[in-house]
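# Observations on the three-dimensional arrangement
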Amino acid sequence: MFVVVGVSGGIAAYKTVQVVRALVTNGHEVHVVPTEDALRFVGTATWEAISRHPVTTSVHDDVAEVRHVALGTQADLVIVAPATANTLAKMAAGISDNLLGVTILATTAPVVVAPAMHTAMWDHAATQANIATLRERGVHVVGPADGPLTGGDSGPGRMVEPDEIVAAALAAVDEQTTDAGAPHDRDDLRDLDGLRAVVSAGGTREPIDPVRYLGNRSSGRQGVAVAVAAADRGARAHLVAAHVDDGVLGDAERHPGITIERAGTAAELDTAVRAAASEADVVVMAAAVADFSVPEVSDVKIRKEDGTITLDLVETPDILAGLVERRRPGQTIVGFAAETADSDDELRERGVRKRARKGVDLLTVNRVGWQQGFEATENAALFIDGTDEVVAEASGSKRAVADALWDAVRRLR
Ligand code: CTP
């Protein structure tokens, strides 16, 4: 989620560092917009280091990119913490004489304020009227808490704790999403925020000699779409890519939420996925793993001699079985099955048997044939879970199938 954290000039600004930190740790993109006064309490260097983005108070920076409006329009959430009596008054009046004021006017995202001030200022009729106006306009007000204030007094006016601000802010976003119903534009959906996903994609290649390999027709498109969908929806995705067709990795390479690791053979894929899975919440094995490899790879090109050749093959490690065996508590494991079948019933039955045999939480079954499944940009799939039921079906683009997969994973979790 793109979050703007506005900071106005109060001592509680030091606690807002924790708010920013918590949001960044959970995978959100956070832009801090302090007022000039706020910088007297916590300086630019701290905000930049914690948020990992440049920080300015001025509406005149990046004028060409209309930065003053861009922050507000891009935001999925705006938090103002601490919100001083002065900033709340300006918000109520629509004053926009600094970057924070402009950002607040330009946004349609939920706005959450955490007031912090002396009790007398909080109790003043002007502040109370401003708060009432803001509430009426849909601004969420969290706090203030009652307790010791700077200067030795005690009473309402303390900014609430950082975790409470984060919880209230995320709840405000959820509320808006629920009110609006299911978002139509999947790019806006951030329902996998903070999830750590490992996705394998593409086909492995098992070398025979320096020029030949055993491979398969997987293009990697479906697996890459699964990783991109996860990252678009807020997850941090680690994509372990075996061989994929040219250009297929493009979207993933450009995505800030995705790290890519290459693996050529089934054994390399096994090592990479196993290591990554030890820190993952969800593992999706979309790769087409060769079932057999050549135990003795020839160092020289095998030549034609008497017209026939015999290759000894051994089974590759079953990566999915290994993952299921070593599953972390709470980890969800998703397998793929590409099956040839004459009817829908046969496809489903094959899927049910394979789901049970593999012990995965969810199996994505798609029908393949000479003309189906591979290389195409379209796909159709069934999703079978531990109840042996088809819990979802999807057809259309590989992205649509990927989104259906994540919807099913979310329901399972
Ligand atoms: N898979 C794996 N390791 C292997 C083979 C397959 O992890 N050595 C994973 C695939 O990534 C996929 C799932 O297992 O998620 C099912 O792949 P599939 O080839 O259909 O499974 P097999 O066990 O090889 O089944 P079959 O007997 O039908 O070939």
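Our structure is the block above this text.
Remember, it's a predicted structure, so these values are computed and weren't measured experimentally.

Conventions and cut-offs
- Residues numbered from 1 in each chain as written.
- Predicted model: local features only at pLDDT ≥ 70, side-chain atom pairs only at ≥ 80, totals over all residues.
- Heavy atoms only, no water.
- Near = heavy atom within 4 Å.
- Polar contact = N/O pair within 3.5 Å; in protein donor to acceptor, adjacent residues only side chain to side chain.
- Areas by Shrake-Rupley, 256 points an atom, 1.4 Å probe, with all protein chains shown as cover.
- 1 Å grid on protein atoms, 1.4 Å probe; cavity = no way out; pocket = protein on both sides within 12 Å on 5 of 7 lines; lining within 4 Å.
- Sits in = over half its atoms within 2 Å of the grid points.
- Helix = DSSP H or I, 4+ residues; strand = E, 2+ residues; numbered from the N terminus.
- Nonpolar A, V, L, I, M, F, W, Y, C, P; charged D, E, K, R; others polar.
- Axes fitted to C-alpha atoms, helices over the stretch in contact; angles between N-to-C directions.
- Parallel < 35°, antiparallel > 145°, perpendicular 65-115°, else oblique.
- Left-handed = near helix turned anticlockwise from the far one by under 90°.
- Contact = heavy atoms within 4.5 Å.
- Buried < 20%, exposed > 50% of the residue type's maximum accessible area, 1.4 Å probe, protein only.
- Pairing = 2+ DSSP bridges.
- Right-handed = clockwise from strand over helix to strand, strands pointing away.
- Salt bridge = Lys/Arg side-chain N within 4 Å of Asp/Glu carboxyl O.

Neighbouring the ligand are 14 residues; Met285, Ala287, Leu320, Lys354 and Lys358 lie closest to it. Between the ligand and Met285 there is a distance of 2.7 Å, counted from an oxygen atom to a backbone nitrogen or oxygen. Between the ligand and Thr316 there is a distance of 3.3 Å, counted from a nitrogen atom to a side-chain nitrogen or oxygen. A total of 570 Å² of accessible area belongs to the ligand in isolation, and the protein chains cover 78% of it. Using a 2 Å cut-off from the grid points, one finds that the ligand occupies the largest pocket. Ranked by residues supplied to the shell around the ligand, first place goes to helix α13 (residues 344-358) with three residues. Looking at the shell around the ligand, its residues break down into seven nonpolar, two polar and five charged.

On to the packing of helix α4 (residues 85-93) against helix α7 (residues 125-136). Where α4 meets α7, the axes come as close as 9 Å, and the angle between the chain directions of the two elements is 50°. Classified by the interaxial angle, the pair formed by α4 and α7 is oblique. As α4 runs across α7, the sense of the crossing is left-handed. When α4 is examined against α7, the residues Ala85, Leu88, Ala89, Met91 and Ala92 are found in contact with a partner set consisting of Thr127, Asn130, Ile131, Thr133 and Leu134. When the residues that make up the contact of α4 with α7 are grouped by side-chain class, the tally is seven nonpolar, three polar and no charged.

Within strand β2 (residues 29-34), five of the six residues are buried, which leaves the element mostly enclosed by the surrounding structure. Direction of pairing for strand β1 (residues 2-7) relative to β2: parallel, over a ladder of six bridges. Bridge pairing links Val7 to Pro34 in β2. Following the chain from β1 across helix α1 (residues 13-25) to the adjacent parallel β2, one finds a crossover that is right-handed.

By the definition in use, this model includes 20 salt bridges. Two residues, Arg190 and Asp193, come together in a salt bridge whose shortest N-O distance is 3.8 Å. Ionic contacts of the salt-bridge type, sharing partners, join the residues Asp191, Asp232, Arg233, Arg399, Asp403, Asp407 and Arg410 into one network.

Everything listed is a geometric property; what it means functionally is a separate question.
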